[in-house]
Amino acid sequence: MSIFSRNARERIYFTMFRLCGGLVVLTLLMIVSYMIAGSLPVLDLSFLTEPPRGANTRGGILTPMIGTIHLMAIVFVFAVPVGVLTSVYLSEYQRKGWTSWFWNMIISNLAGVPSIVYGLLGLALFVGFIGLGRSLLASGLTLGILALPIVISASREAIAAVPRSVREASIALGATKWQTIWHHVLPYALPGILTGVILAMSRAAGETAPILLTGAAFYMSSMPDSLFSQFMALPYHIYAVATQTMAGMNGSPMVYGSALVLLALVIGMNLFAIIVRKRYQERYRW
């Protein structure tokens, strides 16, 4: 009787797990289907190759799409090297003690700071104090700081998961500590590091408040000509069209089309990172 009850409970639990997983997938499919249906009137090649016109009520999304790609490039160049090297220091060089506890607490708390606070930080630091002005570079660096805690946390976990035997074997063969980290620890940890990069880039790509305060423009007909120019970006473009134009308030296809392209960019970045992660998972196993 007890075995039957245990098996019955297992079936109930697994059914609940499947229902929860199916509900998540169904919700995602509903969101994507809703965006595709709403954006059908504007989904064509010109929507991706033309800049906005008529104060964002007509035309395409070329300018905000390119601005978003530029932003993500700056975030990647800044956040990934700084985040990974910071995690290497904290994992491999930082001595255990109150300083280690202090850094753990700071990084954990920074990951939960609201994005508007990062926007105010970027406004004060990059726009005001450093003097970058409201620019692409100021916004990219602000988003890079926002992404840093996620990259650091994931990278530390990935580095800590590498077996100690890998380090000991490398040092026993005469390698220095840095050579061991560079040639052995980081390649083995790379799949986990890429997971953190995926999460960080995905979050940064959809943030509106930081770029609103540090450089995003409501409307531009031309591309930014340097890192110190203002720019358009898809998150702020979606917000502006949806809340500042009558067409957007009435459910403009521009809003749904822009949101669909932003989602496609994020999924594209994720797929690329997943492919690279899979390659390294097959190459480095322990």
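Since we're looking at a predicted model, the values are computed, not measured. (Residues numbered from 1 in each chain as written. Predicted model: local features only at pLDDT ≥ 70, side-chain atom pairs only at ≥ 80, totals over all residues. Heavy atoms only, no water.)

1. A few points about the overall build of the chain
Stage number 1. Across its full length, the chain holds twelve helices and two strands.
Stage number 2. For the chain, the succession of helices and strands along the chain, N to C, is α-α-β-β-α-α-α-α-α-α-α-α-α-α.
Stage number 3. The principal-axis extents of the C-alpha atoms in the chain amount to approximately 65 × 65 × 35 Å.
Stage number 4. Counting only residues that meet the buried cut, the chain has 41% of its 286 residues in that class.
Stage number 5. A separation of at least 24 residues holds for 75% of the contacts in the chain among residues at least 6 apart in sequence.
Stage number 6. Entry remark: accessible area of the chain is about 15700 Å², with carbon and sulfur atoms responsible for 70%.
Stage number 7. When the 19 basic and 9 acidic side-chain charges of the chain are each reduced to a single mean position, those positions are 9 Å apart. (Helix = DSSP H or I, 4+ residues; strand = E, 2+ residues; numbered from the N terminus. Buried < 20%, exposed > 50% of the residue type's maximum accessible area, 1.4 Å probe, protein only. Contact = heavy atoms within 4.5 Å. Areas by Shrake-Rupley, 256 points an atom, 1.4 Å probe, with all protein chains shown as cover. Lys, Arg positive; Asp, Glu negative; His and termini not counted. Charge placed at Lys NZ, Arg CZ, Asp CG, Glu CD.)

2. Things to note about the packing of aromatic side chains
Stage number 1. As enumerated under the stated definition, the model contains five aromatic pairs in all.
Stage number 2. An angle of 70° between the planes, with centres 5.8 Å apart, marks the rings of Phe102 and Trp103 as edge-to-face.
Stage number 3. Owing to a relative accessible area of 33%, Phe102 belongs among the partly exposed residues under this scheme. (Phe/Tyr/Trp six-rings, centres within 6.5 Å; stacked < 30°, edge-to-face > 60°.)

3. Regarding the pattern of salt bridges
Oppositely charged side chains are able to pair whenever their charged atoms sit close together.
Stage number 1. Summed over all chains, the structure comprises four salt bridges.
Stage number 2. Here Arg167 ties to Glu92 by a salt bridge, and the two come within 2.8 Å at their closest N and O atoms. Of this pair, Arg167 sits in helix H7 (residues 164-172) while Glu92 is found in helix H3 (residues 62-93), placing the two residues 75 residues apart along the sequence.
Stage number 3. What makes Arg167 buried here is its relative accessible area of 11%.
Stage number 4. Taking the relative accessible area as the measure of exposure, Glu92 reaches 14% and is therefore buried. (Salt bridge = Lys/Arg side-chain N within 4 Å of Asp/Glu carboxyl O.)

4. Brief notes about helix H6 (residues 136-160)
Stage number 1. The end-to-end C-alpha separation of H6 is 35 Å, in line with the 36 Å expected for 25 residues at 1.5 Å each.
Stage number 2. For H6, the principal kink sits at Ala147 and spans about 35°; a proline, Pro149, occurs within the next four residues.
Stage number 3. Counting buried residues along H6, 21 of its 25 residues qualify, which places the element largely inside the surrounding structure. (Expected span 1.5 Å × (residues − 1). Bend = angle between axes of the 7 residues up to and from the residue.)

5. A word on the nonpolar core
Stage number 1. Among the nonpolar cores identified, the biggest contains 47 residues, and Leu71, Met72, Val75 and Ile211 are the most heavily contacted of them.
Stage number 2. Secondary-structure elements contributing two or more residues to this core are H3, helix H5 (115-129), H6 and helix H8 (177-205).
Stage number 3. With 14 residues, H6 is the single largest residue contributor to this core.
Stage number 4. Setting aside chain neighbours within four positions, we find Met72 in contact with Leu143, Met201, Ala204, Ala205 and Met269.
Stage number 5. Counting residues in each nonpolar core, the second largest holds 15 residues, with Met35, Val241, Ala259 and Val261 among its members. (Core = buried A, V, L, I, M, F, W, Y, C linked by side-chain atoms within 4.5 Å.)

6. Quick look at a nonpolar patch on the surface
Stage number 1. A cluster of nonpolar side chains, namely Ile12, Tyr13, Phe14, Met16 and Phe17, defines an oily patch on the protein surface of about 560 Å² accessible area.
Stage number 2. Relative to the helices and strands, Phe17 is located in helix H1 (residues 2-39). (Patch = residues over 30% accessible without salt bridge, like charges linked within 9 Å, V, L, I, M, F, W, Y side chains within 5 Å.)

7. Section: the domain arrangement of the chain
Stage number 1. Domain annotation of the chain identifies domain 1 (6-41) and domain 2 (43-283).
Stage number 2. The centre of domain 1, based on its C-alpha atoms, is set 28 Å off from the matching centre of domain 2.
Stage number 3. Contacts between the two partners involve eight residues from domain 1 and, on the opposite side, seven residues from domain 2.
Stage number 4. Roughly 730 Å² of surface becomes buried between domain 1 and domain 2 when both sides are summed, with 74% attributable to carbon and sulfur atoms.
Stage number 5. Along the contact surface separating domain 1 from domain 2 lie three residue pairs in polar contact (both at pLDDT 80 or more).
Stage number 6. Its residues assigned to classes, the side of domain 1 that touches domain 2 shows six nonpolar, two polar and no charged. (Domains from an automatic or database assignment. Buried area = accessible area lost by both parts, 1.4 Å probe. Polar contact = N/O pair within 3.5 Å; in protein donor to acceptor, adjacent residues only side chain to side chain. Nonpolar A, V, L, I, M, F, W, Y, C, P; charged D, E, K, R; others polar.)

8. Let's talk about the packing of helix H4 (residues 98-110) against H6
Stage number 1. One can describe the packing of H4 onto H6 by two numbers: an axis separation of 8 Å at closest approach and a directional angle of 130°. Regarding the angle of H4 to H6, the classification is oblique. Regarding H4 and H6, the two cross each other, and that crossing is left-handed. In this structure, H4 uses Asn104, Ile107 and Leu110 to contact H6, whose residues at the interface are Pro149, Ile152, Ser153 and Arg156.
Stage number 2. Tallied by class, residues from the contact of H4 with H6 come to four nonpolar, two polar and one charged. (Axes fitted to C-alpha atoms, helices over the stretch in contact; angles between N-to-C directions. Parallel < 35°, antiparallel > 145°, perpendicular 65-115°, else oblique. Left-handed = near helix turned anticlockwise from the far one by under 90°.)

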